[in-house]
Amino acid sequence: MKLEAPSSPSAVAVPNRIEGWAKVTGQALYADDVAWPNMAYGYLVRSPHAHARIVSVDLEAARSMPGVLAVLAGPGSTAPYGIMPSNQDEHALATGKVTYFGEPLLAIAAETLRTARAAARAVRVAYEPLAPVLKTGSQQKAAPQVREDAGDGNLHKAVDLEFGDVAAGLREAQFTRTDEFFFQGNNHLALEPHAVTAFWQPDGQLVLESSTQVPHYVQRSLARALGLPEHQIRVMVPTLGGGFGGKSELFPHEVAAALLSRSCGRPVRITLSREDVFYTHRGRHPVEMKVATGFDRQHRLQAMSFESRLDGGAYSSYGIASTYYTGALQPTTYQIGAYRFHGERWFTTKPPCGPKRGHGTTQPRALLEVHMDRVARDLGLDPIELRREILQPPFSVTVNQLDITTSGLAECLDAVERMSGWKERRGRLGKGRGLGFACSSYLSGAGLPIYWNPLPHSGARIAIGRDGGVQVACGITDIGQGANTVLAILAARSLGVALGRVRVTSADTGTTPVDLGSYSSRVTLMAGNALLTAAERMLDLLRQAAARHWQVPAQEIARDGEDFAVLGRDERAAWTEVARWAEADFGPLVTAGGYTPAPPRGRHKGSGVGPSPAYSFSACIAEVEVDELDGRLQVQRLYVAHDPGTPLNPQSVEGQIRGGVVMGLGEVLMEAQAFNPDGRHRGPHLLGYRIPTMLDVPEIEIAVVGQPDPNGPLGAKEVGQGPLNPVIPAVLNAVQDAVGIELHETPVTPDRILRALDAKRRRGNAR
Amino acid sequence: MAESVMRLRVNGREHHLVVSDEATLLEVLREQLHLHGTKDGCAVGSCGTCTVWLDGVPRLSCVTLAKTVEGRDVVTIEGLAGWWGRERPGEGAAAFHPLQTAAVEAGAVQCGFCTPGMLMAGAALLRDTPAPGREEIREALSGHLCRCTGYEQIIHAVELAAGRMGEATPDEA
Ligand code: FES
Ligand code: FES
């Protein structure tokens, strides 16, 4: 059995997961597993209308039921809250009106969940239905106002950026093309539904165990929502069953659990049902997009104009950031002479959208890559060749003022081209079969925090006990991506000790230094760098202690495995012994490190979205077969290359690539968070909302390329999100290659293929 | 709400339980026996995370009414290693079923929420089909959703375990 860590540090062989054993034996506790003494069960009553005025609420029957401990109506929170400082527009429970089907408006606590549910059926709420608002932009026509607290009309935010003279670039271009696309929204569908246990203790302290990716932001937002000082709130995250962006802000159930706990004086657990998760959402925004580009005679990309219109749902959530992200990363892959972006986000009466893996960059990347493919087709060029000529080079600055460090993009192109046999096989696969290419790039953490502050984005603390154990404490959350293991690996490598000595404590605002959270692929780079600083400081103390003990200068202290030794002398001492010397000299051994990214280069409004200490790069080639009779699309093979800098945990890197790629495959083939005309979700369950199963996944060939990045810990960049992005356009391009149809929306369902084939045939006949 | 007393054998141990007529087997395992390893990913039979063995057969405990399984034998993820130990007398207690070990080694575990159900289905497959082919594995596990791994490393874990179990019992191969 290879579950133990090897004892020699020279062989820090990496177990895939330090907590792997607990997850395979059922011992790992998730938020819905943590049983607190005397715990009560909470339940949220949700709106049965997409848009309605709440006329009256009668709670008496529910309150008097035996076993019912508390029944609360909104707003619950004492001040509105929200993840973006400029958009504090949420309350725990709706009052006045409800703005999406499934919006919570009442909270109930009872001895058992069954009783809480029965009480939910006993409450009487009268509604006056209002017209649902399901479209964006000018299609809304005289639509009623969704957010009465937010300006006039339903436009949440419009943003504009321009770098260089785009009008001139397009006017003077040798070749121009325009394309439009609708990217359908979709859900994260982490397998673990959200859950929280909250206890408002009699001493005034509020403690939560919640399935969140961002304990720090939950603590901050809760303090605002409840009017409590931050230090009175402690947020802990038990084992987390997946996030993908869906657990990245404070949610109504978290506030409600706290309020119910205060009312009944007991810990209260609220676990969302799968259906609730579709209403809680914060998933991928549906986006309507338009791109226009102009190329010169040498096929250089002179100018690009990109427009996006996001369907935000009923609340702001991360919306402003999402909107900017739909225009932020187009230039990280291609050199563009002049670039213009216009983005809009609209309020509609649907569950709020937010960040999902690839946050805001996935949708525009789909259109951009489909567009580039069509440009190549129009120009009679190989789509990979067209890109090769205009790749944004390593160590350069993009047109929108982003600093690129290492880039393995060219190697990504080479790798997928080679693996797929692109040159030899393209155009020769036979009827109905095709190959499609796309590439992309993603952040290794956002350069700026969500709320402005000059503090470190990540802090890590190392303590060495008298037992020789290394305790790492850091606010990160392991959402299943293996963040705790990466910290253990970095600690072991940087301190030169066996992995088995390292214990990681994370995701607890009460005991760990702040890390902003597991979003924007920031953890490995930012927490990793913070940890390396703490480790350097710790080693320094140990070296000083050894030098003092042996009466030699510190530079003469050397390492031999875990042991300390003196250069050229026969002195040596074990790790634990030296740690004790150091504790005798300096007191208990604790060091800390923090990491703050360099300030971004851009100074324009909106320049806060897009900068990152390092960018990852990806490419994908899809091989597909389309059945022209029934419209069925089969993805037969995917070839994927990714540049994650130094892969710190190669098996996890592979796992992240595969997981991201398959999530992308689901988005392009089947997933849709879609709504009926009355505003109801079309299928808020796993039969109505399908995700890929084992049978839907083709063979995926992977190449990991790239160089160590100077800004990454031991050279590491991100891998959690980037590899998803190129898959969607690669499949779309492969369909065009296979049967010559241009698709204009996701997901690519058989009926859409048939319709496009039909249109193509009619065009053919007309000629 | 009607309740009844029932007998249930779980991971080799006999229990007498007072169970509500509406309670699912999943609820009884998680809430009454505190065996939290079995997960609730959807509660309506669509994700596979709640899979346990009922008389040796993988079953979705979220859509199994507890009172319908009176007197029967249940194995959950917490009991898988114990079952494996009992299957192989003389080998001593086992901390892990070979598939559990293989899952960790193959990188088949990310967030781990699908893992208990996936492993219960995989272990049943390995018991009944000692050297399953890739297609057999995909077929047997296709009712089990995983959002993290993209599945390949899970398939690999089953193959890895099958290989090792084959080596260990050459007479059965
Ligand atoms: S919880 Fe039983 S199948 Fe999903
Ligand atoms: S490991 Fe997360 S769902 Fe499978």
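Residues numbered from 1 in each chain as written. Chains lettered and ligands numbered in written order. Predicted model: local features only at pLDDT ≥ 70, side-chain atom pairs only at ≥ 80, totals over all residues. Heavy atoms only, no water.

Q: Explanation requested: the overall build of chain B in the structure shown.
A: Across its full length, chain B carries six helices and five strands. Computed over the C-alpha atoms, the radius of gyration of chain B is 16 Å, within 12% of the 16 Å expected from 2.2 N^0.38 for a compact globule of 173 residues. In terms of its C-alpha atoms, chain B occupies a principal-axis envelope of roughly 50 × 40 × 20 Å. Relative to its full complement of 173 residues, chain B shows a buried share of 58%. Looking at chain B alone, contacts between residues at least 24 apart form 53% of all its contacts between residues at least 6 apart. Element-wise, carbon and sulfur atoms account for 51% of the exposed surface of chain B, whose accessible area totals about 6700 Å². (Helix = DSSP H or I, 4+ residues; strand = E, 2+ residues; numbered from the N terminus. Rg over C-alpha atoms; globule rule 2.2 N^0.38 Å. Buried < 20%, exposed > 50% of the residue type's maximum accessible area, 1.4 Å probe, protein only. Contact = heavy atoms within 4.5 Å. Areas by Shrake-Rupley, 256 points an atom, 1.4 Å probe, with all protein chains shown as cover.)

Q: Explanation requested: the overall build of chain A in the structure shown.
A: Each helix and strand in chain A was counted, giving 18 helices and 28 strands. For chain A, the C-alpha radius of gyration of 27 Å lies close to 27 Å, the compact-globule estimate for 767 residues. Seen along its three principal axes, the alpha-carbon backbone of chain A occupies a region of about 90 × 75 × 50 Å. Here chain A holds 767 residues, and the buried ones make up 65% of them. Of the side chains in chain A, 78 bear a positive and 79 a negative charge, and the two mean positions are spaced by 3 Å. (Lys, Arg positive; Asp, Glu negative; His and termini not counted. Charge placed at Lys NZ, Arg CZ, Asp CG, Glu CD.)

Q: I would appreciate a short explanation of the sheet that holds strand β5 (residues 73–75) of chain B in the present structure.
A: Note on sheets: strands pair through backbone hydrogen bonds, and any given pair is parallel or antiparallel. Residues and elements named next belong to chain B. Spatial ordering of the open sheet is given by β2-β1-β5-β3-β4, a layout of five strands whose pairing is mixed. Across the chains shown, the open sheet's two edge strands, defined by having one partner strand only, are β2 (13–20) and β4 (57–60). Ignoring which end each strand starts from, the neighbouring axes of this sheet average 40 degrees apart. Bridging between strand β3 (residues 51–54) and β5 involves two bridges; their strand directions are antiparallel. Note on β5: the bridge partner recorded for W53 is V75. Across the sheet, helix α4 (residues 115–128) touches β3, β4 and β5, and the angle it forms with β3 is around 40 degrees. (Pairing = 2+ DSSP bridges. Axes fitted to C-alpha atoms, helices over the stretch in contact; angles between N-to-C directions.)

Q: So what exactly am I meant to see when it comes to the domain arrangement of chain A here?
A: It is common to give the size of an interface as the accessible area lost on bringing the parts into contact. All names here are of chain A. Structurally, chain A comprises domain 1 (20–27 + 455–595), domain 2 (34–131 + 191–242 + 247–280) and domain 3 (287–392 + 401–448 + 603–763). For domain 1 and domain 2, the distance between their C-alpha centres works out to 39 Å. Opposite the 17 residues of domain 1 that make contact, domain 2 presents 15 residues. Carbon and sulfur atoms make up 55% of the surface buried where domain 1 meets domain 2, a total of about 1200 Å² over both sides. Of all residues in domain 1, I479, T509 and L516 give up the largest surface area on contact with domain 2, accounting jointly for 39% of the area buried on that side. The interface formed by domain 1 and domain 2 includes one salt bridge. Between R234 and D508 there is a salt bridge, and its shortest N-O distance comes to 2.7 Å. (Domains from an automatic or database assignment. Buried area = accessible area lost by both parts, 1.4 Å probe. Salt bridge = Lys/Arg side-chain N within 4 Å of Asp/Glu carboxyl O.)

Q: What is the right way to look at the packing of aromatic side chains in this model?
A: What describes a pair of aromatic rings is the distance from one ring centre to the other and the angle between the planes of the rings. Scanning the model with the defined rule gives twelve aromatic pairs over all chains in all. Note on A:F101 and A:Y279: the rings are 5.6 Å apart at their centroids and 65 degrees apart in plane angle, and the pair reads as edge-to-face. On the criterion of sequence distance, the pair formed by A:F101 in the loop between β4 (97–98) and β5 (104–110) and A:Y279 in helix α7 (residues 274–280) is long-range, its members being 178 residues apart. Accessibility expressed as a relative area gives 12% for A:F101, which makes it buried. Aromatic ring contacts, followed pair by pair, group A:Y217, A:Y451 and A:Y519 into a single cluster. Positioned over the ring face of A:Y451 is A:R220, at 3.4 Å from the centre of the ring. Geometry around B:W53 places B:R127 over its ring, the cationic atom sitting 4.8 Å from the centre. (Phe/Tyr/Trp six-rings, centres within 6.5 Å; stacked < 30°, edge-to-face > 60°. Lys NZ or Arg CZ within 6 Å of the ring centre and 35° of its normal.)

Q: What exactly am I supposed to notice about the pattern of salt bridges here?
A: Two side chains carrying opposite charge are able to pair once their charged atoms lie near each other. Summed over all chains, the structure comprises 67 salt bridges over all chains. A:D696 serves as the salt-bridge partner of A:R690, at 3.5 Å between the closest nitrogen and oxygen. Here the residues in one salt-bridge network are A:D32, A:D33, A:R269, B:R30 and B:K39, joined through shared partners.

Q: I'm lost on the pairing of strand β18 (residues 433–443) of chain A in this one. Help?
A: Regular strands have side chains that alternate between both faces of the sheet. All names here are of chain A. Burial runs high along β18: ten of the eleven residues are buried. The pairing of β18 with strand β26 (residues 615–626) spans eleven bridges and is classified as antiparallel. Bridged to S440 within β26 is S618.

Q: How should I be thinking about the packing of helix α5 (residues 215–226) of chain A against helix α6 (residues 252–264) of chain A in this particular structure?
A: Each pair of packed helices gets described by two things: the angle between the helix axes and the distance between those axes. All names here are of chain A. The interhelical angle for the contact between α5 and α6, taken along N-to-C directions, is 55 degrees, at an axis separation of 11 Å. In terms of orientation, α5 lies oblique with respect to α6. At the point where α5 passes α6, the crossing takes the right-handed sense. From α5, V218, L222 and L226 reach across to α6, where they touch E254, V255, A258 and L259. Of the residues contributing to the contact of α5 with α6, the split by class is six nonpolar, no polar and one charged. (Parallel < 35°, antiparallel > 145°, perpendicular 65-115°, else oblique. Left-handed = near helix turned anticlockwise from the far one by under 90°. Nonpolar A, V, L, I, M, F, W, Y, C, P; charged D, E, K, R; others polar.)

Q: Sorry, what's going on with the sheet that holds strand β6 (residues 124–129) of chain A here?
A: Residue and element names in this part refer to chain A. On the basis of which strands lie adjacent, the open sheet formed by three strands has the order β4-β2-β6 and antiparallel pairing. On the outer flanks of this sheet lie β4 and β6, each paired with one strand and no other. One ladder, built from two bridges, connects strand β2 (residues 52–58) with β4; its direction is antiparallel. Each residue of the ladder has a partner; that of A52, found in β4, is V98.

Q: Can you walk me through the interface of chain B and chain A in this structure?
A: Taken together, the 53 residues of chain B in the interface contact 52 residues of chain A. Summed over the three residues of chain B that lose the most area to chain A, namely B:V104, B:Q110 and B:R147, the buried surface amounts to 19% of that side. The tally of links from chain B across to chain A stands at six salt bridges. Ionic pairing is found between B:R30 and A:D33, a salt bridge with its closest N-O pair at 2.6 Å. The tally of links from chain B across to chain A stands at 25 residue pairs in polar contact (both at pLDDT 80 or more). For the side of chain B that touches chain A, the elements supplying multiple residues, two or more each, are α1 (25–32), α2 (77–87), α3 (98–105), α4, α5 (134–141) and α6 (152–168) of chain B. The class makeup of the residues in the side of chain B that touches chain A is 24 nonpolar, 16 polar and 13 charged. (Polar contact = N/O pair within 3.5 Å; in protein donor to acceptor, adjacent residues only side chain to side chain.)

Q: I keep staring at the environment of A:R658 and nothing clicks. Help me out?
A: Tracing the chain through its elements places A:R658 in helix α16 (residues 650–669). Sequence-wise, A:R658 and A:I700 are 42 residues apart; in three dimensions their C-alpha atoms are separated by 7.6 Å. Not counting the four nearest positions on each side in its chain, A:R658 is found in contact with A:I700, A:I702, B:T149, B:G150 and B:E152.

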